[in-house]
Amino acid sequence: MNSATGSPLVGIIMGSDSDLPVMKDAAEILKEFGLESEVKVLSAHRTPDQAIEYAKTAETNGLKVIIAGAGGAAHLAGVTAGNTVLPVIGVPISTKALKGIDSLLSTAQMPPGVPVATVAINGAKNAGILAAQIIAEGNPELREKLRSYKKKMEKDVLAKTEKLADIGYEAYLNQ
Ligand code: RP5
């Protein structure tokens, strides 16, 4: 939340509600870091006026980062980036026909001057973490939460490698 306005700092938008099972990962990880987000379905193709309006008003509405997910001819992140100076993180959504390669290329291959920070196909969790890292600039408490998150990942992996060494790979696979 923006402590001055009480409004969310991150906007999570997606081209269809069919993207929600992936995009919810961004909202969930942001919540883990204590950041509220607003979640909306807005399409660059089906609701172009509303998608552009959202991007144009995002800054005055108190948002700091926008995460935009779409699949196929995935133009939502790009159109959003073209209409705001806020950082835009693009999430290419996996597709039936081309497994999300179409989404990845159409999200990432932006023209010079209009960047979209593109994460992996279905990488909504990383989009949320990246948004938190952007917001953490000048926010030592949030920085600390991000540091602890990384520390926990390290601990978890080291515990796994220790167990693997203890019991061997065959027992590890059968556990
Ligand atoms: C894109 O088309 C959406 O982002 C979604 O990934 C894809 C399919 O949309 P639906 O037909 O499921 O609504 O615009």
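Residues numbered from 1 in each chain as written. Predicted model: local features only at pLDDT ≥ 70, side-chain atom pairs only at ≥ 80, totals over all residues. Heavy atoms only, no water.

Draft legend 1. Here's a closer look at the nonpolar core. Val10, Ile12, Met23, Leu30, Phe33, Ile67 and Val91 are the most contacted members of the largest nonpolar core, which has 28 residues in total. Put simply, the parts of the chain that give this core at least two residues each are β1 (10-14), α1 (20-32), β3 (65-71), β4 (88-93), α5 (124-135) and α6 (140-174). The two domains that each donate at least three residues to this core are domain 1 (10-135) and domain 2 (140-175). In contact with isoleucine 67, not counting residues within four places along its chain, are Val10, Gly11, Ile12, Ile13, Met23, Ala26, Leu30, Ile89, Val91, Ala127, Gly128 and Ala131. Formed by 17 residues, the second largest nonpolar core is a distinct cluster that contains Tyr54, Leu63, Ala68 and Ala70. (Core = buried A, V, L, I, M, F, W, Y, C linked by side-chain atoms within 4.5 Å. Buried < 20%, exposed > 50% of the residue type's maximum accessible area, 1.4 Å probe, protein only. Helix = DSSP H or I, 4+ residues; strand = E, 2+ residues; numbered from the N terminus. Domains from an automatic or database assignment. Contact = heavy atoms within 4.5 Å.)

Draft legend 2. A look at the site of the ligand. Residues in close proximity to the ligand include Gly15, Ser16, Ser18, Asp19, Arg46, Ala70 and Gly71, which together make up its full environment. The side chain of serine 18 places a nitrogen or oxygen atom 2.6 Å from an oxygen atom of the ligand. One nitrogen or oxygen atom from the main chain of glycine 71 is found 3.1 Å from an oxygen atom belonging to the ligand. Considering the ligand on its own, with 360 Å² of exposed area, one finds that the protein chains cover 65% of that surface. Partitioned by chemical class, the residues of the shell around the ligand number 1 nonpolar, 4 polar and 2 charged. (Near = heavy atom within 4 Å. Polar contact = N/O pair within 3.5 Å; in protein donor to acceptor, adjacent residues only side chain to side chain. Areas by Shrake-Rupley, 256 points an atom, 1.4 Å probe, with all protein chains shown as cover. Nonpolar A, V, L, I, M, F, W, Y, C, P; charged D, E, K, R; others polar.)

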